[in-house]
Amino acid sequence: MTRDQITTKIQTKLGDNGIFYQPVDLNDSIQDGYAEVAALTGCIFKAATINLSTNLSYYDFGSLISDFHAVTAIFNPQTKRWMTPVSLKILEDIRNDWELAIGSPYLFWPVNFRFVAIYPKLTTSTGSLYIYYRAHGEVLSSSSTPQIPDDLQIILEHYTIGDMLEQAEEFSKAGISLVDYFKGIKDIKQATRSFRQPDLMSRLG
């Protein structure tokens, strides 16, 4: 469904035709719900290319990729191999001064929610990496379809109805919708775990 179709369904369930609950408020709530669902479930998979810089071990994926949420895999097209995720301890076990090692990257360490370290680093040559990641929810337009499994998109209705009823201080009714919302979070997490990592190699530019 598109955002506007979701809005219309919510208006029907609320028994309102834009009199008490304005479309702009419903759309804002849908957007908030979409952002929260994407963050909590990691249901949006994307891919991007980043260019490697010489003498750089730490990359700010949060700045390099506008909708980056969490890295899931990295492919090195120069070696045609998938890089292996490791911890800081493993890097330090390899060598204490791992940040000084040079060569073609084959390991990566997710430092936090946006920074990723690669090992080893380039010194003179150039190259790129293919980054597979979980993305933030994009800003929806009237005709946008949220990137949530079709059979689970009802979660945005539960979120928005609960949100609107809370604002109207109908707390008991809101609680019913929010219970359904949190159940939906669990369902999407379970569905997301069963997803195969999408083959987006051909889409990388």
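Reading the values: rules and limits
- Residues numbered from 1 in each chain as written.
- Predicted model: local features only at pLDDT ≥ 70, side-chain atom pairs only at ≥ 80, totals over all residues.
- Heavy atoms only, no water.
- Helix = DSSP H or I, 4+ residues; strand = E, 2+ residues; numbered from the N terminus.
- Buried < 20%, exposed > 50% of the residue type's maximum accessible area, 1.4 Å probe, protein only.
- Contact = heavy atoms within 4.5 Å.
- Areas by Shrake-Rupley, 256 points an atom, 1.4 Å probe, with all protein chains shown as cover.
- Lys, Arg positive; Asp, Glu negative; His and termini not counted.
- Charge placed at Lys NZ, Arg CZ, Asp CG, Glu CD.
- Pairing = 2+ DSSP bridges.
- Right-handed = clockwise from strand over helix to strand, strands pointing away.
- Salt bridge = Lys/Arg side-chain N within 4 Å of Asp/Glu carboxyl O.

A.B. asks: Can you help me understand the overall build of the protein chain in this one?
C.D. replies: Across its full length, the protein chain carries six helices and eight strands. Its helices and strands in sequence order give the protein chain the pattern α-α-β-β-α-β-β-β-α-β-β-β-α-α, from N to C terminus. C-alpha extents for the protein chain along the principal axes are approximately 65 × 30 × 25 Å. Across the 205 residues in the protein chain, those meeting the buried criterion constitute 44%. Contacts in the protein chain between residues at least 24 apart in sequence constitute 70% of all its contacts with a sequence separation of at least 6. With the model as given, the accessible surface of the protein chain reaches about 11,200 Å², and the carbon-plus-sulfur share is 52%. Put simply, the protein chain has 18 plus and 23 minus side-chain charges, and the middle of one group is 11 Å from the middle of the other.

A.B. asks: I'm lost on the environment of Met-1 in this one. Help?
C.D. replies: Note that Met-1 resides in the segment before helix H1 (3-14). In this structure the C-alpha to C-alpha distance between Met-1 and Ile-154, which are 153 residues apart in sequence, comes to 9.6 Å. Non-local contacts of Met-1, meaning those with residues more than four positions away in its chain, are made with Ile-6, Lys-9, Ser-144, Thr-145, Pro-146, Gln-153 and Glu-157.

A.B. asks: Where do I start with the pairing of strand E6 (residues 107-110) in this structure?
C.D. replies: The two faces of a sheet get side chains in turn, since along a regular strand they alternate between them. Sheet analysis places strand E5 (residues 84-85) next to E6, joined by two bridges and oriented parallel. Bridge assignment links Thr-84 to a residue of E6, and that residue is Leu-107. Once you follow E5 into helix H4 (residues 88-94) and on to E6, the crossover reads as right-handed. Looking at chain direction, E6 and strand E7 (residues 115-119) are connected through four bridges and run antiparallel. Within E7, the residue paired with Pro-110 across the bridge is Val-116. The turn joining E6 and E7, which pair antiparallel and follow one another in sequence, is formed by four residues.

A.B. asks: Help me out: how do you make sense of the sheet that holds strand E1 (residues 45-51) in this one?
C.D. replies: Read from one edge of the open sheet, four strands run E1-E8-E3-E4, paired in antiparallel fashion. Because the sheet does not close on itself, it has two edges, and the strands there are E1 and strand E4 (81-82). Relative to strand E8 (residues 128-135), E1 runs antiparallel, the two sharing seven bridges. Within E8, the residue paired with Ala-48 across the bridge is Ile-131.

A.B. asks: Just checking my understanding: could you explain the pairing of E7 for this structure?
C.D. replies: By the criterion of burial, E7 is predominantly enclosed, with four of the five residues buried. Here strand E2 (residues 58-60) runs beside E7; their pairing, made up of three bridges, is antiparallel. When the bridges of E7 are listed, Asp-60 appears paired with Phe-115.

A.B. asks: Would you explain the sheet that holds E6 in this entry?
C.D. replies: Spatially, four strands are ordered E2-E7-E6-E5 in an open sheet, and the strand pairing comes out mixed. Sheet topology places E2 and E5 at the edges, where each strand pairs with a single neighbour.

A.B. asks: Could you clarify how one ought to interpret the pattern of salt bridges in this entry?
C.D. replies: It is possible for side chains of opposite charge to pair when their charged atoms get near one another. In this structure the tally under the stated criterion is eight salt bridges. The residue Asp-4 makes a salt bridge to Arg-3 at a minimum N-O spacing of 3.2 Å. What makes Arg-3 buried here is its relative accessible area of 15%. Ionic pairing is found between Asp-97 and Arg-95, a salt bridge with its closest N-O pair at 2.7 Å. Overall, the relative accessible area of 33% leaves Asp-97 in the partly exposed class. Arg-95 gets classed as partly exposed once you look at its relative accessible area, which sits at 31%. A cluster of three or more residues bridged by salt bridges with shared partners is formed by Lys-9, Lys-13 and Glu-157.

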